[in-house]
Amino acid sequence: MILPEHEVVIGEDEIKARIKELADEISADLGDKNPLVVVILKGAFIFASDLVRHFDFPYEMDFMSTSSYGSATKSSGIVKILKDLDEPIKDRTLLIIEDIVDTGLTLHYLVQMLKLREPERIEIAAFLSKPARRKYSSEVKYIGFEIDDRFVVGYGLDYQQKYRGLPYVIAIE
Ligand code: IMP
């Protein structure tokens, strides 16, 4: 794969260790809730697949796809649901798995929308967070890493649909 000019922001071993820690924390909190793990496509697919493989409790999975970006590196401010959940969530405990919280718009919108369906509880795990960019508050309980305001790719995250498969996170200019 041809890589752009880049700096490694989070290495492979660091990611592996942190995912295990997060999975243990989530197991302790939600292990007896039979949660519905809701993976937000496409960016969270690698994070989610590594995370759930550490779960040693019953859970179910569903997938949603949202779009707020097109192919630019700044949010358009509009969230579209491209794929909704397959099953009802009333009275369920949800664990939403997101790739990165940037302005917070996507999660803010999603949580408001899902709350209307009356789940018992909604928890959120995000691989990355850029706190400096936050405009919409959302309570993300499980955060892999906080990063500076830079555009990053790898480990599921893309630039124009590329670089998702990198096993580490790089910043591109
Ligand atoms: P938010 O709605 O502003 O929080 O943006 C969240 C979405 O923007 C994420 O789910 C990503 O798809 C995308 N995004 C934000 N920052 C980055 C980045 O640095 N790299 C790749 N995608 C990003």
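Residues numbered from 1 in each chain as written. Predicted model: local features only at pLDDT ≥ 70, side-chain atom pairs only at ≥ 80, totals over all residues. Heavy atoms only, no water.

Examining the site of the ligand
Neighbouring the ligand are 16 residues, the closest being Asp99, Thr103, Gly104, Thr106 and Val152. Asp99 is positioned such that a nitrogen or oxygen atom in its side chain is 2.7 Å from an oxygen atom of the ligand. Residue Thr103 places a side-chain N or O atom 2.4 Å away from an oxygen atom belonging to the ligand. Against a free-state accessible area of 500 Å², the protein chains account for coverage of 92% of the ligand. Those elements that place two or more of their residues in the shell around the ligand are strand S5 (93–101) and helix H3 (105–115). (Near = heavy atom within 4 Å. Polar contact = N/O pair within 3.5 Å; in protein donor to acceptor, adjacent residues only side chain to side chain. Areas by Shrake-Rupley, 256 points an atom, 1.4 Å probe, with all protein chains shown as cover. Helix = DSSP H or I, 4+ residues; strand = E, 2+ residues; numbered from the N terminus.)

Concerning the side chain of Glu123
Structurally, the position occupied by Glu123 is in strand S6 (residues 121–129). Residue class for Glu123 comes out buried when judged on its relative accessible area of 11%. At 3.0 Å, the side chain of Glu123 forms a polar contact with the side chain of Arg121. (Buried < 20%, exposed > 50% of the residue type's maximum accessible area, 1.4 Å probe, protein only.)

Brief notes about the layout of surface pockets
One water molecule sets the probe size; rolling that probe over the atoms shows where empty space is left. Put simply, the second largest pocket is a space of about 260 Å³. Around the second largest pocket, the lining is made up of 16 residues, and of these Val111, Lys115, Ile122, Ile124 and Glu139 lie nearest the centre. For the lining of the second largest pocket, the elements supplying multiple residues, two or more each, are H3 and S6. Ranked by residue count, the leading element in the lining of the second largest pocket is H3, at five residues. Within the lining of the second largest pocket, the residues separate by chemical class into six nonpolar, four polar and six charged. (1 Å grid on protein atoms, 1.4 Å probe; cavity = no way out; pocket = protein on both sides within 12 Å on 5 of 7 lines; lining within 4 Å. Points joined across faces, edges and corners; volume = space filled by probe spheres on them. Nonpolar A, V, L, I, M, F, W, Y, C, P; charged D, E, K, R; others polar.)

Let's talk about unusual backbone geometry
Omega for the peptide link from Leu41 to Lys42 comes to 0°, which places this bond in the cis form. With respect to the helices, strands and loops of the structure, Lys42 is situated in the loop between strand S2 (36–41) and helix H2 (45–52). Here Tyr155, not a glycine, exhibits a phi torsion of approximately 50°, which is positive. Structurally, the position occupied by Tyr155 is in the loop between strand S8 (152–153) and strand S9 (169–172). Classification of Tyr155 by relative accessible area gives buried; the value is 4%.

Some points on the sheet that holds S6
Sheet architecture is open: six strands sit in the order S4-S3-S2-S5-S6-S7, paired in mixed fashion. The open sheet is flanked by strand S4 (80–83) and strand S7 (142–146), the only strands paired with a single partner. Along the sheet, successive strands turn relative to each other by an average axial angle of 25°, direction set aside. When S2 meets S5, the two strands line up parallel, connected through four bridges. Within the sheet, the bridge partner assigned to Val37 lies in S5 and is Leu95. Against the sheet, helix H1 (residues 12–30) engages S5, S6 and S7, with an angle of about 160° to S7. (Pairing = 2+ DSSP bridges. Axes fitted to C-alpha atoms, helices over the stretch in contact; angles between N-to-C directions. Contact = heavy atoms within 4.5 Å.)

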